[in-house]
Amino acid sequence: GAGVSQSPSNKVTEKGKDVELRCDPISGHTALYWYRQSLGQGLEFLIYFQGNSAPDKSGLPSDRFSAERTGGSVSTLTIQRTQQEDSAVYLCASSRSGPYNEQFFGPGTRLTVL
Amino acid sequence: AQKVTQAQTEISVVEKEDVTLDCVYETRDTTYYLFWYKQPPSGELVFLIRRNSFDEQNEISGRYSWNFQKSTSSFNFTITASQVVDSAVYFCALSGWGGGNKLTFGTGTQLKVEL
């Protein structure tokens with residue numbers, strides 16, 4: 001059984017460019033989460049998808065950030081007009097439905113904005 | 001609002017010592033869930049344990065044990081006879097129906113086990 005996979009593993013971009021980060025969750029997991037890990041902010045929640053429900057976007061730091069989940073499986077996190085403060089490791093996790101289920105994390109995408 | 005506090009930023013021990021990592025939480029939910037995750041140098045977060053708020057039984061798994069006390073809002077993690085392979089950052093986290101299923105993490109404790 002494959003775990004959560006993320007691509008790319010590393011991304012270096014110039015300030016102002018758009019980036020797309022991809023997450024493939026564990027098969028059968030209806031819940032998908034994006035988190036960000038940075039030195040100054042620790043592990044922060046960004047967005048949560050559950051089945052066909054409207055996503056919980058309460059953690060997105062600005063309107064430059066957006067995410068979608070197609071067909072209840074793969075998710076893409078898009079950051080427009082990247083800024084240096086967006087540099088961080090972006091982690092994706094998936095789980096079965098409900099807050100009592102452990103989340104399984106992918107290896108992350110390290111984003112560096114020059 | 002949910003909050004998790006891990007006051008210990010970094011702990012260094014010598015191999016075979018016992019070590020306890022502290023975790024204190026705040027939540028308004030009456031039903032909530034507590035987790036510990038390990039992040040080794042490779043970077044990937046690894047799930048260790050989950051406890052729910054209505055089960056205060058302590059748990060032991062090999063060299064690992066967890067002490068959950070609702071009266072002090074604490075969920076501490078003890079490693080007995082630590083080993084070099086235990087060196088990692090350990091995160092305590094909290095979720096609940098009121099928090100929308102997301103995990104609220106503490107800032108993590110860096111554990112260094114030396115020979």
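Our subject is the structure that appears above.
Since the structure is predicted, the reported quantities are computational estimates derived from the model, not experimental observations.

What follows is about the state of the cysteines. Here the structure, examined in full by the defined rule, presents 2 disulfides over all chains. The side chain of Cys23(A) participates in a disulfide bridge whose partner is Cys92(A); the two sulfur atoms lie 1.8 Å from each other. Residues Cys23(A) and Cys92(A) are joined through a disulfide that is left-handed, its torsion about the S-S bond being -65 degrees. Taken together, the residues Cys23(A) in strand β3 (residues 19-24) and Cys92(A) in strand β8 (residues 88-95) connect sequence positions 69 residues apart. Here Cys23(A) and Cys92(A) have matching classes, each one buried. Here Cys23(B) connects covalently by a disulfide to Cys92(B), the sulfurs 2.0 Å from one another. With the S-S bond torsion at -65 degrees, the cross-link from Cys23(B) to Cys92(B) turns out left-handed.

All names here are of chain B. In this structure, Trp36, Phe75, Phe77, Tyr90 and Leu111 are the most contacted members of the largest nonpolar core, which totals 23 residues. Looking at this core, the elements with two or more residues in it are β2 (10-14), β3 (19-21), β5 (32-39), β8 (64-69), β9 (74-79), β10 (88-96) and β12 (109-114). Examining the composition of this core, we find that 4 residues originate from one element, β10, more than from any other.

Here the focus is the pairing of strand β5 (residues 42-50) of chain A. Regular strands place their side chains on alternate faces of the sheet. All names here are of chain A. Burial analysis of β5 places 8 of its 9 residues in the buried class, the great majority of the element. Judged from the 8 bridges that link them, strand β4 (residues 31-38) and β5 form a sheet pairing that is antiparallel. The partner of Ser38 across the bridge, within β5, is Gly42. Counted along the chain from β4 to the antiparallel partner β5, the turn is 3 residues long.

Quick look at the pattern of salt bridges now. Oppositely charged side chains may form a pair once their charged atoms are brought near each other. If you walk through the whole model with that rule in mind, you get 8 salt bridges over all chains. The residue Arg50(B) makes a salt bridge to Glu102(A) at a minimum N-O spacing of 2.5 Å. Taken as a pair, Arg50(B) in strand β6 (residues 46-52) and Glu102(A) in the loop between β8 and β9 (104-105) lie in two separate chains rather than in one. Its relative accessible area of 33% is what places Arg50(B) among the partly exposed residues.

Reading the values: rules and limits
Residues numbered from 1 in each chain as written. Chains lettered and ligands numbered in written order. Predicted model: local features only at pLDDT ≥ 70, side-chain atom pairs only at ≥ 80, totals over all residues. Heavy atoms only, no water. Disulfide = S-S within 2.5 Å. Helix = DSSP H or I, 4+ residues; strand = E, 2+ residues; numbered from the N terminus. Buried < 20%, exposed > 50% of the residue type's maximum accessible area, 1.4 Å probe, protein only. Core = buried A, V, L, I, M, F, W, Y, C linked by side-chain atoms within 4.5 Å. Pairing = 2+ DSSP bridges. Salt bridge = Lys/Arg side-chain N within 4 Å of Asp/Glu carboxyl O.

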